Amino acid sequence: MSALLAVRDLTVTFETTAGAVAAVDALSFDIGPGEFLGIVGESGSGKSVTALAAMGLVVAPGRIAQGSIRLGGEELVGLPERSMRRIRGRRMAMVFQEPMASLNPVMRIGDQIAEAIRWHEDVSARAAAARAVDLLGTVGIPAPAERARAYPQQMSGGMRQRAMIAMAIACSPALLIADEPTTALDVTVQAQIMDLLRSLRERFGMALLLITHDLGLVAEQADRVLVMYAGRMVEEAPTASLFARPLHPYSAGLLDSIPDIEIRRPVLPAIEGVVPSLSALPPGCRFGPRCRFAEPACTTADPPLRRFGVRATACRRDLDLARA
Amino acid sequence: MSDAPLLVARGLTRHFTVRRHPFARASGVVRAVDNVDLTIAPGETLGLVGESGCGKSTVARLIVRLIAPTGGTLLFDGEDLLALSGQALRRRRADIQMVFQDPAGALDPRHTAEEIVTEPLEIHAIGTRTTRRERAEELFARVGLRPEHLRRYPHEFSGGQRQRLGIARALALKPRLIVCDEAVSALDVSVQAQVVNLFKQLQRELGLAYLFIAHDLSVVRHLSDRVAVMYLGEVVETASADALFASPHHPYTQSLLSAVPRHVPGGRPRIVLAGEVPNPLAPPPGCRFHTRCPLAFGRCRVEAPASVDLGGGHSAACHLVTKGAPAPSLRRTDHA
């Protein structure tokens, strides 16, 4: 399968007073056309920086220190901003957690969507405005012609996120990146937005990259999942396999530590300790100090990612784990 | 347990007046909390769930008396909390403490951890400097912080440690009830599990009662003995945690539970509600949920349903709920 998005050896560093830290460290992954990939991790895992890097939105003090990001074969790293602007919004688009921060507060919703269309396509203002109304209808906003004339603050959180999605899909991108798109929303509205993303993906054949801390969201819909920890990918697997039998102790611990709505346990098996600071990483495996399987050898070298068919994990014990 | 409840709220109500600008005439009334009944037994956890704007945080602030209700009664240990003032209120406040969502916002950045934890003791003139320090050390051990953390400032702690600090402060006055408002919502999953376990451990060791307010139903399920569900300022269903999650009766509870993503691939059929929570300034007439309820019929639009007692402490406010009958079914009404 030729990848739609191919990320190779991507390292994104941020300059801090304590020196440069790598928020994303030597990350490689692919997304196929129409595929739904989930990237899961806690704060500081590098999942959002990965999305920003793909969109060419890493700004100082951050920079892409090494690696390659190809979209449909075209290299994006090092591409001038002028060229990147033609790709962003047209061939891939992004939806953020807080729609209010991404929308212009003094411009009507319909005009903002029409502006995005006219940036990429040579159409009349009238045609763009009509398409904006159609798009608002497509994302399930009632009375779209009327709502197109509304300002963002006149809409609810769920409606704003729908408007953001309408803008993102305006030019039928091949890849839609959604960074915590439902985290700021109530659970019943979250279900609506996830249903919308699923139906849009089916209808337009878009690939979807969902960045989230919520394993539940990827469990229900993603084809494949990457688990990140402290800047590194620790596991990659088809969704069903990951949830059935996680290979990396961190993925296993994460799955275990989440309370389930239907099964009640006396004590949650929490992962002890805290996520390390990127400027003070432990020697060897980054998860070592919190890992219940850690051995002295785990502190000597950071284990590389190794592949077993469709799965991959970065644990020194991977062979035992794969057999266990 | 039910003989002598610790906290009883009856008809608890808080309306806020809305003005277009500070000198304008009142342009509306938000019924943030409307006629809410709640009971918490000693050592029990009552979970309070609902979406943003349902009034759950206002309930928290009413119970710790950060704001005054516009109606209803509030009894703690049989004593009328609303009649208290001055010294008596201050003494009573020691019994009811609160843990907030954002520990960074609830802790003074210029105070050391020790000052933060001993401040309630100073205010209540408890002990000497030395005994207060000993108490701080003891509290730190209880919440899983180390003695050397006492000299640190809030910014030197991780999110999970800051929340432990907030819990230590809440415990300082030996309260009997702790109101937790989204106390684990801002934490990463792996740390959230640690703090959830800490809450359970403290309850076992100290016999604390919790009012645990959260939007994450899985966490509420894990911690609560009983659960109350709020919608637009009203409690729509109350039951033991087991009964509520096994057999939710109110259509809103059913859809809320089904909207929670399961950590199991494939999932299960989901009831996706149409629309969003209506504007609390103009709540719908009749049943407040009828605009989103797939089962709404004529009566729901005109008459607010009374709470129906289903036995065993389970009650739901819906015209379609009858004691002894199965819960109204929302399946097959899924919106695509």
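Predicted, not measured: the structure shown is a model, and the values here were computed from it.

Draft legend 1. Fine view of the interface of chain B and chain A. Between chain B and chain A, the residue contacts involve 44 residues of the former and 42 residues of the latter. Taken together, the two surfaces of chain B and chain A that pack against each other cover about 3,700 Å², and 53% of this comes from carbon and sulfur. Broken down residue by residue, the surface that chain B buries against chain A is led by Arg-262, His-263 and Glu-276 of chain B, which jointly contribute 19%. One can count zero salt bridges joining chain B with chain A. The set of elements that each furnish at least two residues to the side of chain B that touches chain A consists of helix H7 (189-206), helix H8 (217-223), helix H9 (241-246) and helix H10 (251-258) of chain B. Looking at which element gives the most residues to the side of chain B that touches chain A, the answer is H7 of chain B, with nine residues.

Draft legend 2. The environment of Arg-169 of chain B, seen in detail. All names here are of chain B. Locating Arg-169 in the fold gives a position in helix H6 (residues 159-171). Each C-alpha atom of the pair Arg-169 and Val-99 lies 8.7 Å from the other, and the pair is 70 residues apart in sequence. Dropping the residues within four chain positions of it, Arg-169 is found in contact with Gln-97, Ala-106, Leu-107, Ile-116, Val-117 and Pro-120.

Draft legend 3. Structural view of the pattern of salt bridges. Residues and elements named next belong to chain A. Taken as a whole and judged by the stated rule, the model has 36 salt bridges over all chains. The salt bridge partner of Arg-232 is Asp-25, with a shortest N-O separation of 3.3 Å. Here Arg-232, found in strand E10 (residues 232-238), pairs with Asp-25, found in strand E2 (residues 19-31); they are 207 residues apart in sequence, far enough to count as distant. The partly exposed category is assigned to Arg-232, whose relative accessible area is 23%. For Asp-25, a relative accessible area of 15% gives the class buried.

Draft legend 4. Molecular detail of helix H5 (residues 129-143) of chain B. Residue and element names in this part refer to chain B. Compared with an ideal rise of 1.5 Å per residue, which puts 15 residues at 21 Å, H5 spans 21 Å between its outermost C-alpha atoms and is within 8% of the ideal. Buried within H5 are the following residues: Arg-132, Arg-135, Ala-136, Leu-139, Phe-140 and Val-143. Looking straight down H5, one finds that the buried residues subtend no more than 140 degrees of arc, so they occupy a single side. Seen from the open side of H5, the exposed residues pointing more than 90 degrees away from its buried face are Thr-130 and Ala-141. Structurally, H5 contributes buried residues whose contacts are with helix H4 (113-123), H6 and H7.

Draft legend 5. Broad picture of the side chain of Gln-112 of chain A. Residues and elements named next belong to chain A. Structurally, Gln-112 is set in helix H4 (residues 109-120). For Gln-112, the side chain forms a polar contact with the main-chain oxygen of Met-107, separated by 2.9 Å. Apart from the residues lying within four places of it in its own chain, the contact partners of Gln-112 are Leu-103, Asn-104, Met-107, Pro-152 and Met-167.

Criteria and thresholds
- Residues numbered from 1 in each chain as written.
- Chains lettered and ligands numbered in written order.
- Predicted model: local features only at pLDDT ≥ 70, side-chain atom pairs only at ≥ 80, totals over all residues.
- Heavy atoms only, no water.
- Contact = heavy atoms within 4.5 Å.
- Buried area = accessible area lost by both parts, 1.4 Å probe.
- Salt bridge = Lys/Arg side-chain N within 4 Å of Asp/Glu carboxyl O.
- Helix = DSSP H or I, 4+ residues; strand = E, 2+ residues; numbered from the N terminus.
- Buried < 20%, exposed > 50% of the residue type's maximum accessible area, 1.4 Å probe, protein only.
- Expected span 1.5 Å × (residues − 1).
- Arc of directions from axis to C-beta.
- Polar contact = N/O pair within 3.5 Å; in protein donor to acceptor, adjacent residues only side chain to side chain.

What is shown is where atoms sit, not what they do.
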